[in-house]
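The chain contents come next:
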Amino acid sequence: MSDKPRLPIAVFLSGSGRTLANLIHHRDQHGLPIDIRLVISSRRDVRGVDIAREDGIETLVIRERDYPDANEYSAAMFAPLAERGVEYVVMAGFLKHVLIPDAFENRVLNIHPSLLPAFGGQGMYGHHVHEAVLARGVRITGCTVHYVDNEYDNGPILHQRSCPVLDGDTPDALAARVFEQECLALPEAISMLPRNRVAG
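Since this is a predicted model, take the numbers as computed values, not measurements.

**Thoughts on the packing of helix α1 (residues 18-29) against helix α5 (residues 171-192)**
Contact geometry of α1 with α5 gives a least axis separation of 10 Å together with a crossing angle of 55 degrees. Here α5 runs oblique to α1, going by the angle between their axes. The chirality of how α1 crosses α5 is right-handed. Seen from α1, the contacting residues are R18, T19, N22, L23 and H26; seen from α5, they are F179, E182, C183, L186, P187 and I190.

**Points about the packing of aromatic side chains**
Counted under the stated rule, the structure contains four aromatic pairs. With centroids separated by 6.2 Å and ring planes inclined at 45 degrees, the aromatic side chains of Y67 and Y73 adopt a geometry described as tilted. Residue classification places Y73 among the buried positions, given a relative accessible area of 2%. Here R18 stacks its cationic end above the ring of F179, 3.6 Å away from the centre of that ring. We note R107 situated over the ring of F104; from NZ or CZ to the ring centre the distance is 3.9 Å.

**As for the pattern of salt bridges**
Applying the stated criterion across every chain yields a total of 11 salt bridges. A salt bridge links E58 to R84, with the shortest nitrogen-to-oxygen separation between them at 2.8 Å. One end of the pair, E58, is in the loop between α2 (47-54) and β3 (59-61); the other, R84, is in the loop between α3 (70-83) and β4 (88-91), and 26 residues separate them in sequence. Classification of R84 by relative accessible area gives partly exposed; the value is 22%. A salt bridge links D167 to R139, with the nearest nitrogen and oxygen atoms 2.8 Å apart. Within this pair, whereas D167 is found in the loop between β7 (157-164) and α5, its partner R139 is found in the loop between α4 (127-136) and β6 (140-147), the two being separated by 28 residues in sequence. The network of salt bridges with common partners includes R27, D28 and D55.

**Looking at the side chain of Q181**
Residue placement: Q181 occurs in helix α5. On the basis of relative accessibility, which here comes to 14%, the residue Q181 falls in the buried class. Contact partners of Q181, with chain neighbours within four places excluded, come to C143, R161, S162 and C163.

**Digging into the sheet that holds β3**
Taken together, seven strands build an open sheet; the order of strands is β3-β2-β1-β4-β5-β6-β7 and the sheet is mixed. In the strand order of this sheet, the two ends are held by β3 and β7, each with one partner. Between one strand and the next, the sheet's axes are offset by a mean angle of 20 degrees, whatever the strand orientation. When strand β5 (residues 108-112) meets β6, the two strands line up antiparallel, connected through four bridges. When the bridges of β6 are listed, I111 appears paired with V145. The strands that α1 touches are β1 (7-13), β2 (34-41) and β4; relative to β2, the one it contacts most, it runs at about 165 degrees.

**Comments concerning the layout of surface pockets**
In this structure, the largest pocket spans a volume of roughly 880 Å³. In this structure, the largest pocket is lined by 37 residues; those nearest its centre are G93, F94, L95, Y125 and G126. Here the lining of the largest pocket is built from residues that sort into 15 nonpolar, 15 polar and seven charged.

**Concerning the packing of α1 against α2**
Running from amino to carboxyl end, α1 crosses α2 at an angle of 25 degrees, the nearest separation of the two axes being 8 Å. The orientation of α1 relative to α2 falls into the category roughly parallel. Contacts between α1 and α2 involve L20, A21 and I24 from the former and G48, I51 and A52 from the latter. Broken down by class, the residue content of the contact of α1 with α2 amounts to five nonpolar, one polar and no charged.

**Notes on the nonpolar core**
In terms of nonpolar packing, the biggest core is built from 36 residues, with I9, V11, L20, L23, I36, V39 and I190 touching the most fellow members. The element that contributes the greatest number of residues to this core is α5, accounting for six residues. For V11, the residues in contact, after removing those within four places along its chain, are L20, L23, I36, L38, V39, I40, V90 and A92.

Conventions used here
- Residues numbered from 1 in each chain as written.
- Predicted model: local features only at pLDDT ≥ 70, side-chain atom pairs only at ≥ 80, totals over all residues.
- Heavy atoms only, no water.
- Axes fitted to C-alpha atoms, helices over the stretch in contact; angles between N-to-C directions.
- Helix = DSSP H or I, 4+ residues; strand = E, 2+ residues; numbered from the N terminus.
- Parallel < 35°, antiparallel > 145°, perpendicular 65-115°, else oblique.
- Left-handed = near helix turned anticlockwise from the far one by under 90°.
- Contact = heavy atoms within 4.5 Å.
- Phe/Tyr/Trp six-rings, centres within 6.5 Å; stacked < 30°, edge-to-face > 60°.
- Buried < 20%, exposed > 50% of the residue type's maximum accessible area, 1.4 Å probe, protein only.
- Lys NZ or Arg CZ within 6 Å of the ring centre and 35° of its normal.
- Salt bridge = Lys/Arg side-chain N within 4 Å of Asp/Glu carboxyl O.
- Pairing = 2+ DSSP bridges.
- 1 Å grid on protein atoms, 1.4 Å probe; cavity = no way out; pocket = protein on both sides within 12 Å on 5 of 7 lines; lining within 4 Å.
- Points joined across faces, edges and corners; volume = space filled by probe spheres on them.
- Nonpolar A, V, L, I, M, F, W, Y, C, P; charged D, E, K, R; others polar.
- Core = buried A, V, L, I, M, F, W, Y, C linked by side-chain atoms within 4.5 Å.

Set out below in C-alpha cells:
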C-alpha cells in the first residue's frame, strides 16, 4: 500500500458504478492514495449507490429535477463537498450537466470514451461515441481524462490512453476495449493531481 497522504475525493455517478468499483479496486489492491468521502448519485435505484454503500461510503441522491434552476442544482451538488473536505470530484458515468462553481475550477475530472477533442460534445456518451467512431472509420480510439468546465467535454486534458479499432468491431466490442483503458487511465490521472488545494 502507498504511504502517500490519501487525496479526499467525491464521486458523482448516474448508473452501474463500474468506474467507482474500479477506483475502489485500485485503492485497495494497488495503493491508489484516495479517500472517497462521498458519492452523489443522480438516481436512487442504481448499482453505483449499492457499490458505495457496500464499501461504507457516505451516499447522497440529488436529482436535477428537484431544483428550479441550474445554479441551485449546482449548489446542492457542491455544497456537501466543502463540509467533507473534498479536494477533487470524479465524474464516473455522471450523465447530468452541472455548472462547476469557481471554487472547483480544475478540480472536477471526467473520463470520456474517446480521444478528445474527437467524438465529444453534447449527446456523445456511451455507445453513441463508439458507434460514431466505427461510422467514421478511424483506426485508433481510446479515452480521455479531462478537467470539467461548463461546456460538454471541453476542459483541459489531463491524460489519455489509446487502443486500436479492429476490423469487425461492434460498438460493444469496442466499448469493452476502451473501458479496459479507462480502468487504467483514471487512476493514473488521479495520481498526477496536485495535492492540498483546499485552504484550511
